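For reference, the chains in residue letters:
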Amino acid sequence: MLNKILLAAGVFQCCFYNIIAQNPGQHPVYTSEWGHLYRENEKSKDILGIFSTEAPVYVLDSTQTQYKVQVSNGDIGFIDRQPLQKSMRGKKSAGEPAQYFYRGKEGYQCPHFYVQVSELRVRKEPTTESIPVRRAALNELVCIDYVPLYEDGWIYMGDHFHENPEYIQMKYLGTELTYEKVLKDYLAVKGKDREKELAQVGRLRELAWIEDKNLKQALQYWKESNTGIENPKIDIDFELLLADQFAKKPKTEAYEKKVKELNMHFIWKETILFDGKITDAQMKQLQMQKVKDIPNTPECGWEPQYFYRTPNIIIAFEEYKGKVSGSIYKMSFTNGETIVLGNERMDSHYDEKNFVTRFGDMLSARWISSPHEYHIQNGDAGLFIFTFKDGKLFSYECMYYC
């Protein structure tokens, strides 16, 4: 009877019949034991995939021995009947195969693997024709509750209720990469296999930036292996300059002194604004709009009572012991806004290389991400964040640790 229902619904009996997305916000139930997703009910045991303990499933139909379900990546098939739970308890059942559901050294993390390739496109639907929503980072941890066992199968990695769906193919995941392992693999093929050499040195460079160590070595190897190759996306000499600057970072006390000496302030409409000393009266003078709340403001123990804003500036205000003062929360540099650090006046025309040359020994960076994001430590509780697009200053933001 269930096979007739499948055929009547137009579900094709091949490994690609199953690629459909979940409805946003729909709530699943959860398996109590790991098991196999079968293509057909009862008579055939042709396996589509394998699911973990407490995998989310959507029950579509049932028999006395099986449930017809949809799993997280959209695959539809049959599982053996078992107690289904309304909530997750972070448990695994006996015999759950670690080759599919690695739970970390401690054994209690979510089942996971790691992205093995650079700049992997993450799709909105489980198909290569779907819209890319972002690029996954090399070595990014991906939690997995279902593994397709057919060729080119997709896994779901988005939010729990599919309101922001994300999919990648399982074949691009594997065990965690380490710098030491990739270095060994690179040296083994260097000068022997050009294609493998370039692939491994690309991984080496990206891992060095992610881990913020071994930078100079990795970048030098990249330069050696890519000699004579045009790569408009990578300015390796600029990256080596930044690595040299990182190596000069002063110790904590000297670093904090340098930050204080910068005397950071902001200029807008010829008015000088000092962080933490901006007054309510100044904002009214600048004709900024007062608003009660800013969407997506992180709650980090510092909860301003209200904000002033323009399209390019957000200033957060609070009252302390009867004194009302504000701090620059965000600023974009598109309408004459200026930030001053030491003797450097920085606006939308300010060059990224000048920034690195002048302040590189104070910076940490998310270089692999685009646009480039630089951090200056703000005491032990926060960061000043500077973003550059196409080599020019684009935005400033302050952040406090949650």
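Everything below is about the structure printed above this text.
All of the points below concern the structure found in this document. (Residues numbered from 1 in each chain as written. Predicted model: local features only at pLDDT ≥ 70, side-chain atom pairs only at ≥ 80, totals over all residues. Heavy atoms only, no water.)

## A closer look at the pattern of salt bridges
Applying the stated criterion to the full structure yields 14 salt bridges. Among the ionic pairs, Asp-152 bridges to Lys-171, the shortest N-O distance being 2.8 Å. Of this pair, Asp-152 sits in the loop between strand E12 (146-148) and strand E13 (154-156) while Lys-171 is found in the loop between strand E14 (167-169) and strand E15 (173-174), placing the two residues 19 residues apart along the sequence. Given a relative accessible area of 31%, Asp-152 falls into the partly exposed group. Accessibility expressed as a relative area gives 47% for Lys-171, which makes it partly exposed. Asp-351 serves as the salt-bridge partner of Lys-392, at 3.7 Å between the closest nitrogen and oxygen. Residue Lys-392 is found in strand E28 (residues 392-400), and its partner Asp-351 is found in the loop between strand E24 (344-346) and helix H8 (352-359); the two are separated by 41 residues along the sequence. Take Lys-392: its relative accessible area is 35%, and that puts it in the partly exposed class. Here the salt bridges do not stand alone but share partners, grouping Arg-134, Glu-140 and Glu-166 into one network. (Salt bridge = Lys/Arg side-chain N within 4 Å of Asp/Glu carboxyl O. Helix = DSSP H or I, 4+ residues; strand = E, 2+ residues; numbered from the N terminus. Buried < 20%, exposed > 50% of the residue type's maximum accessible area, 1.4 Å probe, protein only.)

## Quick notes on the sheet that holds strand E23 (residues 338-341)
Strands pair in a sheet through their backbones, by hydrogen bonds, and they do so in one of two ways: parallel or antiparallel. One open sheet accounts for 4 strands, arranged E17-E16-E23-E24; its pairing is antiparallel. A strand with exactly one partner marks an edge of an open sheet, and here the two such strands are strand E17 (271-273) and E24. When strand polarity is set aside, the average angle formed by the axes of neighbouring strands in this sheet is 25 degrees. Sheet analysis places E23 next to E24, joined by 3 bridges and oriented antiparallel. (Pairing = 2+ DSSP bridges. Axes fitted to C-alpha atoms, helices over the stretch in contact; angles between N-to-C directions.)

## As for the sheet that holds E15
Pairing in this open sheet of 3 strands is antiparallel, and the strands run E11-E8-E15 from one edge to the other. Two strands close off the open sheet at either side, each with one partner strand: strand E11 (141-143) and E15. Where strand E8 (residues 112-115) and E11 come together, 3 bridges link them in antiparallel fashion. Pairing of Phe-113 across the sheet is with Val-142, part of E11.

## A closer look at the environment of Ile-385
Inspection of the secondary structure puts Ile-385 in strand E27 (residues 382-389). For the pair Ile-385 and Glu-397, spaced 12 residues apart in sequence, the C-alpha to C-alpha distance is 5.0 Å. Beyond its immediate stretch of four places on either side in the chain, Ile-385 contacts Glu-373, Tyr-374, His-375, Ser-395, Tyr-396, Glu-397 and Met-399. (Contact = heavy atoms within 4.5 Å.)

## Observations regarding the state of the cysteines
Here the structure, examined in full by the defined rule, presents 1 disulfide. Disulfide partner of Cys-110: Cys-143, at an S-S distance of 2.1 Å. Since a negative S-S torsion denotes a left-handed disulfide, the Cys-110-Cys-143 link at about -65 degrees is left-handed. Within this pair, whereas Cys-110 is found in the loop between strand E7 (84-85) and E8, its partner Cys-143 is found in strand E11, the two being separated by 33 residues in sequence. (Disulfide = S-S within 2.5 Å.)

## Structural notes on the environment of Arg-135
With respect to the secondary-structure elements, Arg-135 resides in strand E10 (residues 132-136). What makes Arg-135 partly exposed here is its relative accessible area of 42%. For the pair formed by Arg-135 and Gly-174, sequence separation is 39 residues and the distance between their alpha carbons is 17 Å. Here Glu-119 takes part through its backbone oxygen, which lies 3.0 Å from a polar atom of the side chain of Arg-135. (Polar contact = N/O pair within 3.5 Å; in protein donor to acceptor, adjacent residues only side chain to side chain.)

## Focus: unusual backbone geometry
At Asn-214, a residue that is not glycine, the phi angle is positive and equals roughly 60 degrees. Phi at Asp-390 takes a positive value of approximately 50 degrees, unusual for a residue other than glycine. Relative to the elements of secondary structure, Asp-390 occurs in the loop between E27 and E28.

## Structural notes on the packing of aromatic side chains
Taken as a whole, this structure holds 19 aromatic pairs when the rule is applied. Geometry around Phe-238 places Lys-353 over its ring, the cationic atom sitting 5.5 Å from the centre. The ring centre of Phe-394 lies 4.0 Å from the NZ or CZ of Lys-389, which sits over that ring. (Phe/Tyr/Trp six-rings, centres within 6.5 Å; stacked < 30°, edge-to-face > 60°. Lys NZ or Arg CZ within 6 Å of the ring centre and 35° of its normal.)

## Some words on the nonpolar core
Phe-355, Tyr-374, Phe-386 and Tyr-396 are the most contacted members of the largest nonpolar core, which totals 67 residues. With 6 residues, the single largest contributor to this core is helix H5 (residues 236-246). If you look at the next biggest cluster of nonpolar residues, it comprises 15 residues, including Ile-50, Ile-155, Met-157 and Ile-168. (Core = buried A, V, L, I, M, F, W, Y, C linked by side-chain atoms within 4.5 Å.)

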